[in-house]
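So you can see what is in the structure, the chains are spelled out below.
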Amino acid sequence: MEKYLGITRSDIVRIRVLQNSQGMLINTKELMKVLDSTGAELGRAGNNINQLARHANVLAKQGMLNQDIALEFNNLLGNYITVQQELEKTLRQLIRLMKGKHDRKDTGSIGHL
């Protein structure tokens, strides 16, 4: 655990004692990597959706858009939007918890999500 978090065992014990085990230890470097990767993946997904929408518009103008495919696309897009909104909500919670961490002095822990 020490190696993963990048802190010593005594730091972990100190944090747990001082925080009454209310916090959760995180590796902020790893968190930033994951958030960066997630943001990049969302960007790629957004680009793909835009390309599909442009292609669908071209087909629709030519009268060649299959309605079943359009309905399936709309369902998948709705699911994507729902997942994206949940991710945004979770990220806002994480940011609030991290801000709270700094308010309690930087101990290397945050509250539970």
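Please read all numbers here as calculations on a predicted model, not as lab measurements.

**Brief notes about the overall build of the chain**
Part 1 of the reasoning: A count of helical and extended segments in the chain gives four helices and two strands.
Part 2 of the reasoning: Starting at the N terminus and walking to the C terminus, you meet the elements of the chain as α-α-β-α-α-β.
Part 3 of the reasoning: Buried positions account for 19% of the 113 residues belonging to the chain.
Part 4 of the reasoning: Of the contacts formed within the chain by residues at least 6 apart in sequence, a portion of 53% connects residues at least 24 apart.

**Focus on helix α3 (residues 28-61)**
The periodicity of an α-helix, 3.6 residues per turn, causes residues three or four positions apart to be oriented the same way.
Part 1 of the reasoning: The terminal C-alpha atoms of α3 lie 49 Å apart, and with 34 residues this matches the ideal 50 Å at 1.5 Å per residue to within 8%.
Part 2 of the reasoning: All of the buried residues along α3 are Leu 31, Ala 45, Ile 49 and Leu 59.
Part 3 of the reasoning: Looking one or two residues beyond α3, the residue adopting positive phi is Gly 63, at roughly 70°.

**Description of the pattern of salt bridges**
Part 1 of the reasoning: Per the stated rule, a full pass over the model turns up one salt bridge.
Part 2 of the reasoning: Here Arg 44 makes a salt bridge to Glu 41, at a shortest N to O gap of 2.7 Å. Taken as a pair, Arg 44 and Glu 41 lie in helix α3 at a separation of three residues, close to a single helical turn.
Part 3 of the reasoning: For Arg 44, a relative accessible area of 45% corresponds to the partly exposed category.

**A word on the environment of Ala 53**
Part 1 of the reasoning: Relative to the assigned elements, Ala 53 resides in helix α3.
Part 2 of the reasoning: A relative accessible area of 27% places Ala 53 in the partly exposed class.
Part 3 of the reasoning: Residues Ala 53 and Ala 70 lie 17 residues apart in sequence; the distance between their C-alpha atoms is 9.6 Å.

**Description of the confidence of the model for the chain**
Part 1 of the reasoning: Taken over all residues, the pLDDT of the chain has a mean of 78, while the share at 70 or more is 67%.
Part 2 of the reasoning: The lowest-confidence element of the chain is strand β2 (residues 109-110), averaging 46 in pLDDT; the highest-confidence one is α3, averaging 90.
Part 3 of the reasoning: Below pLDDT 50 for its whole length, residues 104-113 participates in 36 contacts with residues either more than four positions away or in separate chains.

Rules of the game
As a convention, each chain's residues are numbered from 1 in the sequence order in which they are written. Predicted model: local features are reported for residues with pLDDT of at least 70 only, side-chain atom pairs are reported and counted for 80 or more only, and whole-chain, interface and lining totals are derived from all residues. As a rule here, side-chain values come from all non-hydrogen atoms in the structure, and water together with hydrogens is ignored. Secondary structure follows DSSP: runs of H or I at least 4 residues long count as helices, runs of E at least 2 residues long count as strands, and numbering of each begins at the N terminus. Working definition: with a 1.4 Å probe on protein chains only, accessible area under 20% of the residue-type maximum means buried, over 50% means exposed, and in between means partly exposed. Any pair of residues with heavy atoms lying within 4.5 Å of one another is described as a contacting pair. What a helix is expected to span follows from its residue count: subtract one and scale by 1.5 Å. The term salt bridge refers to a side-chain nitrogen of Lys or Arg lying within 4 Å of a carboxyl oxygen of Asp or Glu. Predictor confidence is given residue by residue as pLDDT, running from a minimum of 0 to a maximum of 100.

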